[in-house]
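Overview (structure and organization)
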Amino acid sequence: MNFKEIKELIEIFDASNLNRLSISQENSTIKLQKGQNCATAVVVESQNAPVSATLQAPQSLPQIAPVASAPAAPVLAGETINSPMVGTFYRCPSPDTPAYVNAGDKVKKGQTLGIIEAMKIMNEIEAEFDCVIKEIIPSDATPVEYNSPLFVVERI
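Quick caveat, the model's predicted, so the values are computed rather than measured.

**What about the nonpolar core?**
Ranked by size, the top nonpolar core spans 16 residues in total, and within it Leu 113, Ile 133 and Phe 151 carry the most contacts. Here Phe 151 is in contact with Glu 79, Thr 80, Ile 81, Phe 89, Val 101, Leu 113, Ile 133, Glu 135, Ile 136 and Ile 137, once residues within four sequence places are set aside. Membership of the second largest hydrophobic core comes to six residues, among which are Ile 10, Phe 13, Ile 30 and Leu 32.

This is the structure we're talking about:
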């Protein structure tokens, strides 16, 4: 196992309800253990060079001052068209062409509003109904999350 695989294994183990885990593979053994005295103990034994690492939990956690919460997302007035996927939002098909739509444009059902690039595939975002574009939320070439608002619209 390489370091990345071991790190992923530790993260999965830490999130699980297991208290102990032992894995033997070819010439290596990995033992993970959770308990009262340690958060996670990791022992990696190899025929080439034995390595042992133990991550100890602190006996008492320091007091942390409260942090001001992040400002709430602005409340959008009107109906929104949301992103159907995670990707990068583009307002136009290429840098030297005009945007598909602008604020104030009237669009018909099925008209392309923008593109979301996901895994090198360009996915057209189409209007689901006739509407007027009130606001375009993300800037061009901006990452967007699943279900994040892209356009504020008004049905017509």
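Right, picking up where we left off after that structure.
**Re the environment of Ile 23**
You can see Ile 23 is positioned in strand 1 (residues 20–25). Residue Ile 23 is classed as partly exposed on the basis of its relative accessible area of 26%.

**Side note on a negative patch on the surface**
Judged by side-chain charge, Glu 5, Glu 8, Glu 11 and Asp 14 come together as a negatively charged surface patch. As for its placement among the helices and strands, Asp 14 is situated in helix 1 (residues 3–15).

Conventions adopted
- Residues numbered from 1 in each chain as written.
- Predicted model: local features only at pLDDT ≥ 70, side-chain atom pairs only at ≥ 80, totals over all residues.
- Heavy atoms only, no water.
- Core = buried A, V, L, I, M, F, W, Y, C linked by side-chain atoms within 4.5 Å.
- Buried < 20%, exposed > 50% of the residue type's maximum accessible area, 1.4 Å probe, protein only.
- Contact = heavy atoms within 4.5 Å.
- Helix = DSSP H or I, 4+ residues; strand = E, 2+ residues; numbered from the N terminus.
- Patch = residues over 30% accessible without salt bridge, like charges linked within 9 Å, V, L, I, M, F, W, Y side chains within 5 Å.
- Areas by Shrake-Rupley, 256 points an atom, 1.4 Å probe, with all protein chains shown as cover.
- Salt bridge = Lys/Arg side-chain N within 4 Å of Asp/Glu carboxyl O.
- Lys, Arg positive; Asp, Glu negative; His and termini not counted.
- Charge placed at Lys NZ, Arg CZ, Asp CG, Glu CD.

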